[in-house]
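What the coordinates show
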Amino acid sequence: MAIFSELTKNNIGGENLIYENICKMAKKRGISINKLEEKAGLSTGSICKWGKSVSPTVKSIKKVSDILDCTVDDLISEKKSRKKQ
């Protein structure tokens, strides 16, 4: 069950939001996307597909967030600028 499809399509940043956030977090943690997929028990290329037309399942996004030591919200939310105007 892919519940994130509407979320990713409706967020500013489009369908790539989850994928972009995962890439940023993985880079910060020094882990490749391939290694992340392996650790999460996902097939090769799964996370890349999340940046295109495939939406992740709740179970998959939770596994990835646990490995990256972040919350699911960190992966699915647009990062707002912290500057006050």
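Residues numbered from 1 in each chain as written. Predicted model: local features only at pLDDT ≥ 70, side-chain atom pairs only at ≥ 80, totals over all residues. Heavy atoms only, no water.

To continue, consider the overall build of the protein chain. The secondary structure content of the protein chain amounts to six helices and zero strands. Its helices and strands in sequence order give the protein chain the pattern α-α-α-α-α-α, from N to C terminus. By residue count, 33% of the 85 residues in the protein chain fall in the buried class. Considering only contacts in the protein chain between residues 6 or more positions apart, those separated by 24 or more positions represent 62%. Approximately 5700 Å² of the protein chain is accessible, and the part contributed by carbon and sulfur atoms is 51%. (Helix = DSSP H or I, 4+ residues; strand = E, 2+ residues; numbered from the N terminus. Buried < 20%, exposed > 50% of the residue type's maximum accessible area, 1.4 Å probe, protein only. Contact = heavy atoms within 4.5 Å. Areas by Shrake-Rupley, 256 points an atom, 1.4 Å probe, with all protein chains shown as cover.)

All of the buried residues along helix H3 (residues 33-40) are Leu 36, Glu 37 and Ala 40. Buried residues of H3, seen end-on, are gathered within an arc of 100 degrees and therefore sit on one face of the element. When the buried face of H3 is taken as reference, the exposed residues oriented beyond 90 degrees from it are Asn 34, Glu 38 and Lys 39. (Arc of directions from axis to C-beta.)

As a further point, take the side chain of Glu 37. As for its placement among the helices and strands, Glu 37 is situated in helix H3. Lys 49 is the oppositely charged side chain nearest to the buried, salt-bridge-free Glu 37, at an N-O distance of 8.5 Å. Engagement of the side chain of Glu 37 in a polar contact is seen with the backbone nitrogen of Ser 46, the distance being 3.1 Å. Among the polar contacts made by the side chain of Glu 37, one reaches the main-chain amide nitrogen of Ile 47 at a distance of 2.9 Å. Excluding residues that lie within four positions of it along the chain, Glu 37 makes contacts with Leu 42, Ser 43, Thr 44, Gly 45, Ser 46, Ile 47 and Cys 48. (Lys, Arg positive; Asp, Glu negative; His and termini not counted. Salt bridge = Lys/Arg side-chain N within 4 Å of Asp/Glu carboxyl O. Polar contact = N/O pair within 3.5 Å; in protein donor to acceptor, adjacent residues only side chain to side chain.)

Attention shifts here to the pattern of salt bridges. If you walk through the whole model with that rule in mind, you get two salt bridges. A salt bridge links Glu 38 to Lys 35; the shortest N-O distance between them is 3.4 Å. Here Glu 38 pairs with Lys 35, and both are found in helix H3, just three residues apart, close to one helical turn. Of the residues examined, Lys 35 reaches a relative accessible area of 37% and is grouped as partly exposed.

Take the nonpolar core next. Counting residues in hydrophobic clusters, the biggest one holds 16 residues, and the most contacted among them are Ile 22, Leu 36, Ile 47, Trp 50, Val 64, Leu 68 and Leu 75. If you list the elements that add at least two residues to this core, you get helix H2 (17-29), H3, helix H4 (46-50), helix H5 (58-67) and helix H6 (72-76). At four residues, H2 tops the list of elements feeding residues into this core. (Core = buried A, V, L, I, M, F, W, Y, C linked by side-chain atoms within 4.5 Å.)

Unlike most non-glycine residues, Asp 69 shows phi in positive territory, near 55 degrees. With respect to the helices, strands and loops of the structure, Asp 69 is situated in the loop between H5 and H6. Look at Asp 69 and you get exposed, because its relative accessible area is 63%.

Interpretation in functional terms is not warranted from these geometric data alone.
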